[in-house]
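Here is how the chains run, residue by residue.
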Amino acid sequence: MTEIQDQETDFKNLEDPHAQREAEKYENPIPSRELILQLIAQAQKPLRRQQIAQQFGLESPDALEALRRRLRAMERDGQLVFNSRQKYSLGDGHNTISGRVLGHPDGFGFLKPDDGSDDLFLSPREMKPLLHNDRVVVRVSGLDRKGRREATVVEITERNTHQIVGRFFVEGRVAYVVPDNKKIAHEVLIPTEDTGNAKKGQIVVAEIIQQPTAHCQPIGRVTEVLGMHMAPGMEIEMAIRSYDLPSQWPDALLEEIKTLTPEVPEQAKQGREDIRHLPLVTIDGEDARDFDDAVYVQKTAKGWKLLVAIADVSHYVRVNTALDAEAKNRSTSVYFPEKVIPMLPEILSNGLCSLNPQVDRLCMVCEMVINAEGDVLRSRFFEAVMRSHARLTYTQVAKMLVDGDQKLIQKYTALMPHLQNLYGLYKTMRQQRELRGAMDFDTQETRIVFGAERKIDQIVPVVRNDAHKLIEEFMITANTAAAKFLTRKKIPRLLRIHDGPGAEKLLALKTFLGELGLHLGGGAQPTPLDYMHLLESVKERKDAHLIQTLLLRSMSQAVYSPETKGHFGLALEAYTHFTSPIRRYPDLLVHRAIRHCLSGKKVSEFHYTHPDMVMLGEHCSANERRADDATRDVVSWLKCEYMMDKIGEEFDGIISAVTGFGFFVELQSIYVEGLVHIASLHNDYFEFDAGRHQLHGERTGVRYRLGDLIKVKVVRVSLDDKKIDFELLQTGKGVKKATQSPSGKNRSKKSDPKHESKGKAKPKRRRKP
């Protein structure tokens, strides 16, 4: 102890940040590797094992033996060096990297570091004891031929796959499950006594009872037989379990909501502003079941007054309740085609917290005073009781305001002056949106229409009309007002942040635009206005869709965070989500912060701190991505099923993405995407040019470029892989021919799988014999 008395930290009483992880892994947990490294680093000198034990207060023989084993393991992994004086110092490998494992169907994987740095490659050998989404500590073991980091696993810190969904197979005396999640490349072995009477080919749920090791496959036990893989609705049941989506309400929650009634109690209406006389209306899609926002606009002498009323979910979902715990656990509602997994129970999501017409509802209102130019002069928030005067759809509102549909106008005569006010304010605010440079990409969304037995009848485009844009503009305005209000109050809150394009993506975008003779302004830091100026300049071009696609791909994904970083896409300094607390937990947190401020309580008394918001932001962002991935999986499965009887048919399509192994094509008439593999392109070598987003034939000079029009035939559909393969028939107007490539150009080599998955493959070529 005397050798390190100058040490400031009391390691005996210091709480190990990884204590819970250690307790879950070991019966007699000892300090984590991270804490041991911290001790030696702070001592600034090598330490004996006895000194380390003394610093941590380890005395029992079991604890001392566990420490010895851990130090030897850290020495083996390069984190520590054991010198000739029998002391431990930091080794070259002590600079370890923690992160999450991203699996790949071909057996290799990547580590996504927690520090946000570039991904590290994990070889198939390193992936053997790992499953997708596990958390590990690695050290850099070298660089690949493209100069990117490869990793060696030092420690598996967290197992995150405890059950899998997949098809059950039996071969001889061996039973196994092939996971539906293709990011898990392992087959899960099932002992004979644990098959649960599953039959070959059925979809099952298997609990992982033994995680994989460097020498053994994972072992599981069948816990549920879902049925045959083509059964109606099976794709959703598989997604729910594959992505571990909570879909059952806990008993404690069900007990808690027993006291709720379909009507709002009179006592709950007391102390609120009464705005039931105002003709607030909800405007949603035809198939919407929950209505969490209503709007009203009043014309004033100098502009408008806009009221955005949002269902007061925070009144019903209180902190430290079973309702709150489950809402946090889910974080978001998940919207599958014709099926929803709600964040809140139906009595709230479709009842008390849904602004249904002609019934009293509690709400949180954002009232904004707006001048004639469309600028928000001031805003206030208040709790109210309201009554929606009509449930309108986007189609109805657009027909009345844009098309002048007389039948609908007569039906809603009493509301028409108020709807006209809504439209007048929207058109004014639209001009302000364009002036600040907020992005407005005209993306194509689709809707699946089902026939008998949940089979797809057709896939139709969703038309985005002025009614959609009107509601979107008002919601953005209310969200912005909420962000400003909470920032002004200096209370911990979650914001929706959206960073601008990264340097690498921006360089690739500008390179491609330069090939087209186009220029994106703003230098190394373009603004949203620079993006919109470019879009405006190309809107009459035939390749406008291509350019818009590239602009979208150059930007990062929006996330939740308490940091004030702004929202690039909306050109706003601060933005949050306030308008959908029925289906998004971050919105509920914002409502709680506003309610706390309205109550007059001190900021220090608020239930959440800034670190709490950091963790909640990461949690909600991850669950949002999980919901998106699950939905995308289901839609892909349904589209594959839809295409199974169309093998051999021919379609017109547009190249939607180009990679080193081929190009993806979106069929124009039915909005389904598939792959034309490079091996199916005849009589030429094709080089992948990532900067120009094209495959280039060396001999013929034929180019297949993003946005080109082509004709393809459907040749293969795989429901298990959720993939569709096309064969190129002929090119359309979009494909250009070029002169033969210069003979001195580098020739590509065989595809390397560890680059293929990242979409940045080394130039490669294929020739059909």
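Residues numbered from 1 in each chain as written. Predicted model: local features only at pLDDT ≥ 70, side-chain atom pairs only at ≥ 80, totals over all residues. Heavy atoms only, no water.

Digging into the side chain of Gln-548
Inference 1: By the element assignment, Gln-548 lies in helix H18 (residues 544–553).
Inference 2: In this structure Gln-548 touches Phe-441, Asp-442, Thr-443 and Leu-535, once residues within four positions along its chain are discounted. (Helix = DSSP H or I, 4+ residues; strand = E, 2+ residues; numbered from the N terminus. Contact = heavy atoms within 4.5 Å.)

Quick notes on unusual backbone geometry
Inference 1: At Asn-320, a residue that is not glycine, the phi angle is positive and equals roughly 65 degrees.
Inference 2: Tracing the chain through its elements places Asn-320 in the loop between helix H9 (313–316) and helix H10 (322–330).
Inference 3: Even without glycine at this site, Glu-338 takes up a positive phi of about 65 degrees.
Inference 4: Topologically, Glu-338 is positioned in the loop between strand S17 (334–336) and strand S18 (339–341).

Some points on the pattern of salt bridges
Inference 1: All chains considered together, the criterion is met by 41 salt bridges.
Inference 2: The salt bridge partner of Asp-720 is Arg-167, with a shortest N-O separation of 3.0 Å. You can see Asp-720 sitting in the loop between strand S32 (709–718) and strand S33 (723–731) and its partner Arg-167 sitting in strand S8 (residues 163–171), a full 553 residues away along the chain.
Inference 3: On the accessibility criterion, Asp-720 (31% relative accessible area) is partly exposed.
Inference 4: Residue Arg-289 is joined to Glu-346 by a salt bridge in which the shortest nitrogen-to-oxygen separation is 3.7 Å. You can see Arg-289 sitting in the loop between strand S14 (281–284) and strand S15 (293–300) and its partner Glu-346 sitting in helix H11 (residues 346–352), a full 57 residues away along the chain.
Inference 5: Because the salt bridges share partners, they merge into one network encompassing Glu-266, Lys-269, Asp-274, Arg-276, Asp-360 and Arg-387. (Salt bridge = Lys/Arg side-chain N within 4 Å of Asp/Glu carboxyl O. Buried < 20%, exposed > 50% of the residue type's maximum accessible area, 1.4 Å probe, protein only.)

Notes on the nonpolar core
Inference 1: Within the largest apolar cluster, 88 residues are counted, with the highest numbers of intra-cluster contacts made by Phe-474 and Phe-578.
Inference 2: Ile-236, Ile-459, Ile-547 and Leu-728 belong to the second largest nonpolar core, which has 66 residues in total. (Core = buried A, V, L, I, M, F, W, Y, C linked by side-chain atoms within 4.5 Å.)

As for the packing of aromatic side chains
Inference 1: Under the criterion given, the structure shown has 12 aromatic pairs.
Inference 2: For Lys-646, the ring lying beneath its charged end belongs to Tyr-642, and the centroid distance is 3.9 Å. (Phe/Tyr/Trp six-rings, centres within 6.5 Å; stacked < 30°, edge-to-face > 60°. Lys NZ or Arg CZ within 6 Å of the ring centre and 35° of its normal.)

Considering the sheet that holds strand S30 (residues 694–697)
Inference 1: If you trace the 3 strands from one edge of the open sheet to the other, you get S29-S30-S31, paired in antiparallel fashion. Where the open sheet ends on each side, the last strands, each with one partner, are strand S29 (686–689) and strand S31 (703–705). Between one strand axis and the next, the sheet turns through 20 degrees on average, direction left out of account.
Inference 2: Judged from the 3 bridges that link them, S30 and S31 form a sheet pairing that is antiparallel. Looking across to S31, one finds that Leu-695 is bridged to Tyr-704. (Pairing = 2+ DSSP bridges. Axes fitted to C-alpha atoms, helices over the stretch in contact; angles between N-to-C directions.)

Details of helix H17 (residues 528–538)
Inference 1: If you check which residues of H17 are buried, you get Pro-528, Asp-530, Tyr-531, Met-532, Leu-534, Leu-535 and Val-538.
Inference 2: Check the buried side of H17 and you find it contacts helix H16 (503–515) and H18.

Quick notes on the environment of Ile-582
Inference 1: With respect to the helices, strands and loops of the structure, Ile-582 is situated in the loop between strand S25 (559–561) and helix H19 (585–598).
Inference 2: Accessibility expressed as a relative area gives 1% for Ile-582, which makes it buried.
Inference 3: Excluding anything up to four places from it in sequence, Ile-582 contacts Asp-290, Phe-291, Asp-292, Ala-311, Val-313, Ser-333, Met-343, Leu-344, Ser-349, Cys-353 and Ser-354.

Re the packing of helix H12 (residues 394–403) against helix H14 (residues 416–436)
Inference 1: One way to put it is that H12 packs onto H14 with a least axis distance of 11 Å and a crossing angle of 80 degrees. Put simply, H12 runs roughly perpendicular to H14. Contacts between H12 and H14 pair Met-400, Leu-401 and Val-402 from the former with Met-416, Leu-419, Gln-420 and Tyr-423 from the latter.
Inference 2: Across the contact of H12 with H14, the residue classes tally to 6 nonpolar, 1 polar and no charged. (Parallel < 35°, antiparallel > 145°, perpendicular 65-115°, else oblique. Nonpolar A, V, L, I, M, F, W, Y, C, P; charged D, E, K, R; others polar.)

Observations concerning helix H4 (residues 61–76)
Inference 1: Taking 1.5 Å of rise per residue, the 16 residues of H4 would be expected to cover 22 Å, and the 23 Å separating its terminal C-alpha atoms lies within 8% of that figure.
Inference 2: Inspection of H4 places Ala-63, Leu-67, Arg-70, Leu-71, Ala-73 and Met-74 among the buried residues, and these make up the whole buried set. Along H4, the residues classed as buried sweep out an arc of 160 degrees about the axis, all on the same side. Those residues of H4 that are exposed and aimed more than 90 degrees away from the buried face are Pro-61, Asp-62, Arg-69 and Arg-76.
Inference 3: Looking at the buried residues of H4, the elements they touch are helix H1 (19–25), helix H2 (33–43), helix H3 (49–56), strand S1 (80–82), strand S2 (88–90) and strand S7 (149–158).
Inference 4: A positive phi of about 85 degrees marks Gly-78, the residue just after H4. (Expected span 1.5 Å × (residues − 1). Arc of directions from axis to C-beta.)

Comments concerning the pairing of strand S3 (residues 97–103)
Inference 1: Counting buried positions over the 7 residues of S3 gives 5, a clear majority of the element.
Inference 2: When S3 meets strand S6 (residues 135–143), the two strands line up antiparallel, connected through 4 bridges. Of the residues in S6, the one forming a bridge with Arg-100 is Arg-135.
Inference 3: Bridge count for S3 against strand S4 (residues 109–113) is 5 bridges, and the pairing is antiparallel. Note that in S4 the partner of Leu-102 across the bridge is Phe-110.
Inference 4: Here S3 folds back onto S4, and the loop between the two strands holds 5 residues, one of which, Gly-107, carries a positive phi near 100 degrees.

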